[in-house]
Amino acid sequence: MERTVLVTGGAGYVGSHIVVALARAGSTPIVLDNFANSSRTVLPRLRRMTGNDVPLIDADVRDRAALERAFRTHHVDAVVHCAALKAVGESGARPLAYYDNNVGGSIALAQSMQAAGVRTLVFSSSATVYGQPESNPVTEDAPPRPASVYGRTKRAVELILEDLAASDASWHVALLRYFNPAGADASGEIGEAPSNAPNNLLPILAEVAAGRRPWIEVFGDDYATADGTGVRDYIHVTDLAAGHVDALSLLERQPGVTTLNLGMGRGCSVLEVIAAFERACGKPLQRRIAPRRPGDIAVCYADPARANALLRWRAKLDLDAICTDAWRWRKATQTSD
Ligand SMILES: NC(=O)c1ccc[n+]([C@@H]2O[C@H](COP(=O)([O-])OP(=O)(O)OC[C@H]3O[C@@H](n4cnc5c(N)ncnc54)[C@H](O)[C@@H]3O)[C@@H](O)[C@H]2O)c1
């Protein structure tokens, strides 16, 4: 389906893959980013990959004047809102910056959409809104109990969008709760390239494999899991991006708010991920067991049945594909270190 879609945070990790997925599905993506955690160098890559002149709006999502200019300049059918700060640890130290950016930015965006008459919004939420789930797999009906400032910014935006849609039936909103996005586009052209230090397991493993770090720290091997390490639901970023294209199709016929888990529906332990990365890079990776990090939970994986049914979407790429693609991307970026 041809639509023009504004992707906030479109130069970032997940956003850049969404831009590609949209273009491959025949839509016209526009990127809005302030490069707080990404680089302008992704734009020529996106243009090469999509064969389109992906327009860039170099702006902060909190800047209403810039947003309103963007909506006047481009006919936008829908918005995918990825722009946010996402470092859980940092969010506790800088709560005002996180609320301002993530919640303030979402309010400014919704106000500008309202003024421009654009009412279709896909929001990048997170499994972190669940906090410590009572049971796994986690369904969308599990009570949200975010355990970090970052998680609370995501939950706050969900509530704001629910209130907005309750006040005005013309809104069509999808709250997509991502589990653990990982991997990279199979082309090796785009991947996770944060300007801030990486926090996630896969980019850190890639640094160990590339010789940039001596070992991976495994935070806790005494959880009540099969091998004692934390279990998460890793979803290939290409599968995740495809879920956004399908969510936009759903929103064409579905008003109100639809909340969906996007995950594989399977948990993998830290040691399983290390073993898969070792297969992908063909060498052993040193690890050190470190104490549990405060706030970390033992197990969290998705029940993706609602997304499977409503979107006719399913995550297809497994952990080996995730690690192979993450390692290919790491090698492709090696020369720029
Ligand atoms: N990667 C994950 O593990 C994960 C998991 C669950 C949810 N999410 C959410 O998905 C979204 C995308 O995450 P990501 O991993 O691609 O992160 P990312 O940091 O790579 O991308 C976010 C992008 O938003 C931009 N940005 C941040 N604040 C902005 C602002 N005020 N104005 C304009 N641009 C701004 C950054 O420069 C960056 O390009 C975020 O909302 C994040 O909270 C990510």
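Our subject is the structure listed above.
Note that the coordinates shown come from a computational prediction; the quantities given were computed from them, not determined experimentally.

**Student:** Summarise the pairing of strand β5 (residues 120-126); cite the residues concerned and give the values.
**Tutor:** Most of β5 sits out of view: 7 of its 7 residues are buried. With 3 bridges connecting them, strand β4 (residues 78-81) and β5 associate as parallel partners. Note on β5: the bridge partner recorded for Val79 is Leu121. In the sheet, β5 pairs with strand β6 (residues 172-178) via 7 bridges, with the strands oriented parallel. If you follow Ser124 over to β6, its bridge partner there is Leu176. Between the parallel elements β5 and β6, the chain passes through helix α6 (residues 149-167) in a crossover that is right-handed.

**Student:** For the pairing of strand β8 (residues 216-219), give the residues involved together with the corresponding values.
**Tutor:** Covered by surrounding structure in β8 are Ile216 and Val218 only, the residues Glu217 and Phe219 on the alternate face being uncovered. Strand direction decides the pairing type here: β8 and strand β13 (residues 287-290), joined by 4 bridges, are parallel. Of the residues in β13, the one forming a bridge with Glu217 is Arg288.

**Student:** For the packing of aromatic side chains, give the residues involved together with the corresponding values.
**Tutor:** Following the criterion strictly, the structure yields 2 aromatic pairs and no others. Ring geometry for Tyr130 against Phe179: centres 6.3 Å apart, planes inclined by 35°, an arrangement best described as tilted. On the criterion of sequence distance, the pair formed by Tyr130 in the loop between β5 and α6 and Phe179 in the loop between β6 and β7 (180-182) is long-range, its members being 49 residues apart. A relative accessible area of 1% means that Tyr130 is categorised as buried. The interplanar angle of 75° and the centroid separation of 6.1 Å between the aromatic rings of Phe277 and Trp327 together place this pair among those described as edge-to-face. Taken together, the residues span a long stretch of sequence, with Phe277 in helix α9 (residues 270-281) and Trp327 in helix α11 (residues 319-333) at a distance of 50 residues. Taking the relative accessible area as the measure of exposure, Phe277 reaches 0% and is therefore buried. Directly above the aromatic system of Trp215 lies the positively charged group of Arg288, at a separation of 3.6 Å from the ring centroid. We note Arg292 situated over the ring of Tyr223; from NZ or CZ to the ring centre the distance is 4.1 Å.

**Student:** Please give an account of the sheet that holds strand β2 (residues 28-33) that cites residues and values.
**Tutor:** Within a sheet, each strand pairs with its neighbour through backbone hydrogen bonds, oriented either parallel or antiparallel. Pairing is parallel across the open sheet formed by 7 strands, whose spatial order is β3-β2-β1-β4-β5-β6-β11. Lying at the two open borders of the sheet, with one neighbouring strand each, are β3 (56-58) and β11 (256-262). This sheet shows a mean twist of 20° between the axes of neighbouring strands, independent of strand direction. Running at roughly 155° to β5, α6 makes contact with β5, β6 and β11 of the sheet.

**Student:** Before we move on, could you go through the sheet that holds strand β14 (residues 299-300) and cite the residues and values that matter?
**Tutor:** Strands sit in the order β12-β9-β14 across an open sheet of 3 strands; the sheet is mixed. Two strands close off the open sheet at either side, each with one partner strand: β12 (268-269) and β14. Sheet topology places strand β9 (residues 231-232) next to β14; 2 bridges connect them, and they run parallel. Paired with Val231 across the two strands is Val299, which belongs to β14.

**Student:** Talk me through α11; I want residue IDs and the actual numbers.
**Tutor:** For α11, with 15 residues, the first-to-last C-alpha span of 21 Å sits near the 21 Å given by 1.5 Å per residue. Where α11 is concerned, the buried positions are Leu319, Ala321, Ile322, Cys323, Asp325, Ala326, Trp327, Trp329, Arg330 and Thr333. Close packing links the buried residues of α11 with α2 (42-50), β7, α7 (201-209), β10 (234-236), β12 and α9. Looking at where α11 begins, the residue whose side-chain oxygen comes 3.2 Å from the main-chain nitrogen of Asp320 is Asp318.

**Student:** A description of the pattern of salt bridges should follow, citing residues and the corresponding values.
**Tutor:** Summed over the entire model, instances satisfying the criterion amount to 24 salt bridges. Of the charged contacts, one joins Arg48 and Glu189 as a salt bridge, the two residues approaching to 2.8 Å between their closest N and O atoms. Pair noted here: Arg48 is in helix α2 and Glu189 is in the loop between β7 and α7, with a separation of 141 residues, a long-range link. Since its relative accessible area comes to 53%, Arg48 is described here as exposed.

Rules used in this analysis
- Residues numbered from 1 in each chain as written.
- Predicted model: local features only at pLDDT ≥ 70, side-chain atom pairs only at ≥ 80, totals over all residues.
- Heavy atoms only, no water.
- Buried < 20%, exposed > 50% of the residue type's maximum accessible area, 1.4 Å probe, protein only.
- Helix = DSSP H or I, 4+ residues; strand = E, 2+ residues; numbered from the N terminus.
- Pairing = 2+ DSSP bridges.
- Right-handed = clockwise from strand over helix to strand, strands pointing away.
- Phe/Tyr/Trp six-rings, centres within 6.5 Å; stacked < 30°, edge-to-face > 60°.
- Lys NZ or Arg CZ within 6 Å of the ring centre and 35° of its normal.
- Axes fitted to C-alpha atoms, helices over the stretch in contact; angles between N-to-C directions.
- Contact = heavy atoms within 4.5 Å.
- Expected span 1.5 Å × (residues − 1).
- Polar contact = N/O pair within 3.5 Å; in protein donor to acceptor, adjacent residues only side chain to side chain.
- Salt bridge = Lys/Arg side-chain N within 4 Å of Asp/Glu carboxyl O.

Everything listed here is a matter of coordinates, which is why it stays silent on function.
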